[in-house]
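Next come the chains, spelled out residue by residue.
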Amino acid sequence: LANDYLIPQFKSLLLKADLCGKDLNKPGEMKDKQPIPESMGIVPGAIFLIAGVISQLFASSSLVTIIHCNAGLFAICMMILLGFADCVLDLRWRYKLIMPFFAALPLVICYNGGTSVIAPGFLRHFIGPYVNLGMLYYVYMIMYAIFTTNAINIYAGVNGIEVGQSIVT
């Protein structure tokens, strides 16, 4: 409900601030197309962060749970900032590789689960059913976070196709 109310409000603000573009994939002349506000993801992102913080007031049962939730909210906040900065500042790719690294750090630091992976079938006879990666597991998780955020961002220019990829990953 908050999105339904706030998106039209922010639409006019973003158009007034000239944070808009033209839909290149629609038929017709470029001069006849209506401007479309960019950076609109900031609205549902901010609502999600506010809901996450408020839910901690009622659902948090232990300090460990609060730390894990805060690490997740910080990572989400960093990625919302990256998305907004990318729309406004037209960031270079090197910055799009650095920001997910810092966003993933709190998640990796507070992770206290196993670091073993299941070995491929043809290698199980030689190395056993599981391989403990140790510190390499954390490196892998950070690289995975960098890959997924950039893969989704690449699809962002194709009119919403990134939503489907976000659901799959």
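So, here's what we can say about the structure. (Residues numbered from 1 in each chain as written. Predicted model: local features only at pLDDT ≥ 70, side-chain atom pairs only at ≥ 80, totals over all residues. Heavy atoms only, no water.)

**Observations concerning the overall build of the protein**
Part 1 of the argument: Helix and strand content of the protein: seven helices and four strands.
Part 2 of the argument: The C-alpha radius of gyration of the protein comes to 20 Å, more than 25% above the 15 Å expected for a compact globule of 169 residues.
Part 3 of the argument: Within the span of the protein, comprising 169 residues, buried residues form 24% of the whole.
Part 4 of the argument: Excluding contacts between residues fewer than 6 apart, the proportion of contacts in the protein whose partners are at least 24 apart in sequence is 49%.
Part 5 of the argument: Element-wise, carbon and sulfur atoms account for 69% of the exposed surface of the protein, whose accessible area totals about 11,900 Å².
Part 6 of the argument: In the protein, 10 side chains carry a positive charge and 9 a negative one; their mean positions are 5 Å apart. (Helix = DSSP H or I, 4+ residues; strand = E, 2+ residues; numbered from the N terminus. Rg over C-alpha atoms; globule rule 2.2 N^0.38 Å. Buried < 20%, exposed > 50% of the residue type's maximum accessible area, 1.4 Å probe, protein only. Contact = heavy atoms within 4.5 Å. Areas by Shrake-Rupley, 256 points an atom, 1.4 Å probe, with all protein chains shown as cover. Lys, Arg positive; Asp, Glu negative; His and termini not counted. Charge placed at Lys NZ, Arg CZ, Asp CG, Glu CD.)

**Observations concerning the packing of aromatic side chains**
Part 1 of the argument: Taken as a whole, this structure holds six aromatic pairs when the rule is applied.
Part 2 of the argument: Plain terms: the ring middles of Y137 and Y140 are 6.5 Å apart, the flat faces sit at 45° to each other, and that makes the pair tilted. Pair noted here: Y137 and Y140 are both in helix α6 (residues 135-155), with a separation of three residues, about one helical turn.
Part 3 of the argument: The buried category is assigned to Y137, whose relative accessible area is 15%.
Part 4 of the argument: Within the aromatic cluster, the residues linked to one another by ring pairs are Y111, Y137, Y138, Y140 and Y144.
Part 5 of the argument: Taking the ring centre of W93 as reference, the NZ or CZ of K96 above it sits at 4.4 Å. (Phe/Tyr/Trp six-rings, centres within 6.5 Å; stacked < 30°, edge-to-face > 60°. Lys NZ or Arg CZ within 6 Å of the ring centre and 35° of its normal.)

**Focus: helix α4 (residues 93-109)**
Part 1 of the argument: When the terminal C-alpha atoms of α4 are compared, their 25 Å separation across 17 residues agrees well with the 24 Å that a helix rising 1.5 Å per residue should span.
Part 2 of the argument: Maximum bend of α4: about 25°, positioned at A103, with proline P106 one to four residues after it. (Expected span 1.5 Å × (residues − 1). Bend = angle between axes of the 7 residues up to and from the residue.)

**Focus: the side chain of Q56**
Part 1 of the argument: Mapped onto the elements, Q56 comes out in helix α2 (residues 42-59).
Part 2 of the argument: Residues in contact with Q56, not counting those within four places in the same chain, are I66, C69, N70 and L73.

**What about the nonpolar core?**
Part 1 of the argument: In this structure, A104, V108, I142, A145 and I146 together form the largest nonpolar core, which totals five residues.
Part 2 of the argument: Elements supplying a minimum of two residues to this core: α4 and α6.
Part 3 of the argument: If one sorts the elements of this core by residue count, α6 sits on top with three residues.
Part 4 of the argument: Apart from residues lying up to four places away in sequence, I146 is in contact with L97, P100 and F101. (Core = buried A, V, L, I, M, F, W, Y, C linked by side-chain atoms within 4.5 Å.)

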